[in-house]
Amino acid sequence: MGDAVELEVAGRTVRLSSPDKVFFPERGYTKLDVARYYQAVAPGILRALRDRPTTLQRYPDGITGEWFYQKRAPKSMPDWIPTAHITFPSGRSADEMCPTEEAAVVWAAQYGTLVFHPWPVRRADVDRPDELRIDLDPQPGTDYDDAARAAHELRAVLEEFGGLRGWPKTSGGRGIHVFVPIEPRWTFTQVRRAAIAVGRELERRMPERVTIKWWKEERGERIFVDYNQTARDRTIASAYSVRPRPHAPVSAPLRWEEVGVAHPQDFDLTTMPARFAELGDVHADMDDHAFSLEPLLELARRDEHDHGLGDLPYPPEYPKMPGEPSRVQPSRARKPKPQAS
């Protein structure tokens with residue numbers, strides 16, 4: 001595995017053990033390659049993680065070994081990495097790491113972290129999100145190009161309802177994520193409600209291409225707007241995270257003019273550092289903005305008042321929520337008995 005090495009990261013020294021351990025067998029990328037990647041893009045990924053409670057997706061033996069999500073801050077975490085106390089839907093709670101320095105990312109790589117999953121909140125207020133995150137998820141029969149078409153229409157929807165602006169990125173797979181910075185004034189429930197309103201509006205405009213149906217059997221060959229990614233404790237891989245696939249793709253921040261032109265396979269552990277060196281973080285200005293959700297919440301109120309469109313199902317592990325419809329998938333729902341004549 002090789003002797004341990006030390007990496008200098010923004011004034012701190014991070015020790016990396018077993019640097020030659022292979023994490024991506026198909027390409028031969030090692031643990032050291034992953035750490036150096038995060039060292040190269042550190043200002044960008046820190047912008048995405050700064051002060052956010054962050055779950056670590058760890059692969060101690062590389063992508064072919066066992067992996068797990070680490071929500072609680074490891075006991076071995078240095079005291080210069082702060083934490084935030086967060087509460088899960090189950091009522092349980094935990095202290096999660098909140099990166100505030102570039103070295104925290106490389107430190108996590110030492111423990112086999114490939115993917116960083118930040119909450120959409122800051123540690124100063126862990127109950128009020130400051131990002132609306134919209135996940136465009138291609139269903140079977142669709143692909144990234146379909147997601148890109150939906151993303152451009154989504155951009156128009158956001159602009160129409162309150163002049164909102166989204167920052168797009170590849171998921172690292174076939175999907176696209178669009179993040180909208182918002183004022184931290186609303187609860188998780190309200191932000192989720194806004195995401196549902198966005199999804200319904202996008203579905204109305206592209207009914208053959210987009211769906212907000214929770215049940216897979218109803219989605220068809222369309223792009224699913226996964227509104228439940230805005231529920232408490234649901235997270236999305238951060239910008240610049242390495243994804244656990246054979247060619248080591250990364251979640252790449254994009255400029256809008258690149259959506260549908262650049263493709264996910266363009267961005268991986270070896271190509272992203274060069275792009276970052278040339279362009280820097282193309283989402284660097286995102287934290288300079290904070291939009292209001294009121295126009296989208298008003299859209300949600302109109303949907304309910306005018307069309308009877310209320311809440312949608314939560315994921316199965318969540319407690320039953322007020323106003324939530326049945327979580328029974330339609331094909332298994334009990335059919336009403338026929339009335340006697």
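What you are looking at is a predicted structure, and each value in this text was computed from that prediction instead of being measured.

Rules of the game
- Residues numbered from 1 in each chain as written.
- Predicted model: local features only at pLDDT ≥ 70, side-chain atom pairs only at ≥ 80, totals over all residues.
- Heavy atoms only, no water.
- Core = buried A, V, L, I, M, F, W, Y, C linked by side-chain atoms within 4.5 Å.
- Buried < 20%, exposed > 50% of the residue type's maximum accessible area, 1.4 Å probe, protein only.
- Helix = DSSP H or I, 4+ residues; strand = E, 2+ residues; numbered from the N terminus.
- Axes fitted to C-alpha atoms, helices over the stretch in contact; angles between N-to-C directions.
- Parallel < 35°, antiparallel > 145°, perpendicular 65-115°, else oblique.
- Contact = heavy atoms within 4.5 Å.
- Nonpolar A, V, L, I, M, F, W, Y, C, P; charged D, E, K, R; others polar.
- Salt bridge = Lys/Arg side-chain N within 4 Å of Asp/Glu carboxyl O.
- UniProt positions renumbered as here; feature names shortened; annotations may be inferred.
- Phe/Tyr/Trp six-rings, centres within 6.5 Å; stacked < 30°, edge-to-face > 60°.
- Lys NZ or Arg CZ within 6 Å of the ring centre and 35° of its normal.
- Pairing = 2+ DSSP bridges.
- Polar contact = N/O pair within 3.5 Å; in protein donor to acceptor, adjacent residues only side chain to side chain.
- Expected span 1.5 Å × (residues − 1).
- Left-handed = near helix turned anticlockwise from the far one by under 90°.

Engineer: Looking at this structure, how should I read the nonpolar core?
Structural biologist: Soluble globular proteins: nonpolar side chains tend toward being buried together. Ranked by internal contacts, the top residues of the largest apolar core, which has 92 residues, are Phe24, Tyr37, Tyr38, Leu132, Leu136, Leu293 and Leu296. If you tally residues by element for this core, the top one is helix α4 (residues 144-160), at 8 residues. In terms of nonpolar packing, the next biggest core, distinct from the first, is built from 9 residues, Ala84, Ile86, Ala94 and Phe188 among them.

Engineer: Can you help me understand the packing of helix α1 (residues 31-40) against helix α2 (residues 42-49) in this one?
Structural biologist: How two helices pack is summed up by the angle between their axes together with the distance between the axes. Packing of α1 against α2 brings their axes to within 5 Å, and their N-to-C directions diverge by 80°. The pairing of α1 with α2 is recorded here as roughly perpendicular in orientation. Contacts between α1 and α2 pair Tyr38, Gln39 and Ala40 from the former with Ala42, Pro43 and Ile45 from the latter. A class-by-class count of the residues in the contact of α1 with α2 yields 5 nonpolar, 1 polar and no charged.

Engineer: What's the story with the pattern of salt bridges in this structure? I'm lost.
Structural biologist: Two side chains of opposite charge can pair, provided their charged atoms sit close to one another. If you walk through the whole model with that rule in mind, you get 28 salt bridges. In this structure, the salt-bridge partner of Arg133 is Glu131, at a minimum N-O distance of 2.8 Å. For the residue pair Arg133 and Glu131, the accessibility class agrees, reading buried in each case. Arg205 is the partner of Glu201 in a salt bridge, and the nearest nitrogen-oxygen pair spans 2.9 Å. Of the two residues, Glu201 and Arg205 both sit in helix α5 (residues 188-205), 4 residues apart, roughly one turn of that helix. Look at Glu201 and you get buried, because its relative accessible area is 11%. Through salt bridges with shared partners, one network takes in Arg52, Arg122, Asp130, Glu131, Arg133 and Asp287.

Engineer: How do you make sense of the UniProt feature "domain: DNA ligase D polymerase" (unreviewed entry) in the chain when you look at a structure like this?
Structural biologist: Here the UniProt-annotated "domain: DNA ligase D polymerase" (unreviewed entry) positions come out as residues 30-282. Between the end C-alpha atoms of residues 30-282 the distance is 27 Å, and the span holds 28% helix and 19% strand.

Engineer: Sorry if this is basic, but what is going on with the packing of aromatic side chains here?
Structural biologist: How two aromatic rings sit relative to each other is given by the distance of their centres and the angle of their planes. Taken as a whole and assessed by the stated rule, the structure comprises 12 aromatic pairs. An angle of 90° between the planes, with centres 6.0 Å apart, marks the rings of Trp119 and Phe188 as edge-to-face. Placement of the pair is Trp119 in the loop between β9 (113-118) and β10 (131-138) and Phe188 in helix α5, with a sequence separation of 69 residues. Judged by its relative accessible area of 0%, Trp119 falls in the buried class. The side chain of Arg219 reaches across the aromatic face of Phe224, ending 3.7 Å from its centre.

Engineer: Quick question: what am I supposed to make of the pairing of strand β1 (residues 5-9) here?
Structural biologist: On a regular strand, one side chain projects to one face of the sheet and the next to the other, so that they alternate. Pairing analysis gives 5 bridges linking β1 to strand β2 (residues 12-16), with the strands arranged antiparallel. When the sheet's bridge partners are listed, Glu8 is paired in β2 with Thr13. Counting the residues between successive antiparallel strands, the hairpin from β1 to β2 contains 2 residues, one of them, Ala10, with a positive phi of roughly 50°.

Engineer: Mind showing me how you'd approach the sheet that holds strand β12 (residues 176-181) here?
Structural biologist: Strand pairing within a sheet occurs via backbone hydrogen bonds; the two strands may be parallel or antiparallel. The strand order across the open sheet formed by 5 strands is β11-β12-β10-β14-β13, and the pairing between neighbours is mixed. The open sheet has two edge strands, β11 (167-170) and β13 (210-211), and neither has a second partner. In this structure, β10 lies alongside β12, joined through 6 bridges in antiparallel fashion. Its bridge partner being in β12, Arg133 is matched across the sheet by Phe179. Contacts between α5 and the sheet are confined to β10, β13 and β14 (223-225), with β10 contributing the most and set at about 45° to the helix.

Engineer: Looking at this model, I keep getting lost on the side chain of Gln139. Mind explaining?
Structural biologist: The topology assignment puts Gln139 in the loop between β10 and α4. Gln139 gets classed as buried once you look at its relative accessible area, which sits at 7%. Among the polar contacts made by the side chain of Gln139, one reaches the side chain of Arg219 at a distance of 3.0 Å.

Engineer: How should I be thinking about α5 in this particular structure?
Structural biologist: A turn of α-helix holds 3.6 residues, and therefore any two residues three or four places apart point the same way. An ideal rise of 1.5 Å per residue puts 26 Å on 18 residues; α5 measures up with 26 Å between its terminal C-alpha atoms. Taking burial as the measure, the 18 residues of α5 include 14 buried ones, the bulk of the element.

Engineer: Just to check I follow, could you spell out the side chain of Thr113 for this structure?
Structural biologist: Structurally, the position occupied by Thr113 is in strand β9. Under the relative-accessibility criterion, Thr113 is labelled buried at 0%. In terms of polar contacts, Thr113 uses its side chain to reach the backbone carbonyl oxygen of Ala108, at 3.0 Å. Setting aside chain neighbours within four positions, we find Thr113 in contact with Val34, Tyr38, Leu56, Gln57, Arg58 and Ala108.

Engineer: How should I be thinking about the packing of α1 against helix α3 (residues 102-110) in this particular structure?
Structural biologist: α3 packs onto α1 with a crossing angle of 170° between their chain directions and a minimal axis gap of 9 Å. Taken together, the axes of α1 and α3 are roughly antiparallel relative to one another. Where α1 crosses over α3, the two elements pack in a sense that is right-handed. For the pair α1 and α3, contact is made by Lys31, Val34, Ala35, Tyr38 and Gln39 and by Val105, Val106, Ala109 and Gln110, respectively. Within the contact of α1 with α3, the residues separate by chemical class into 6 nonpolar, 2 polar and 1 charged.

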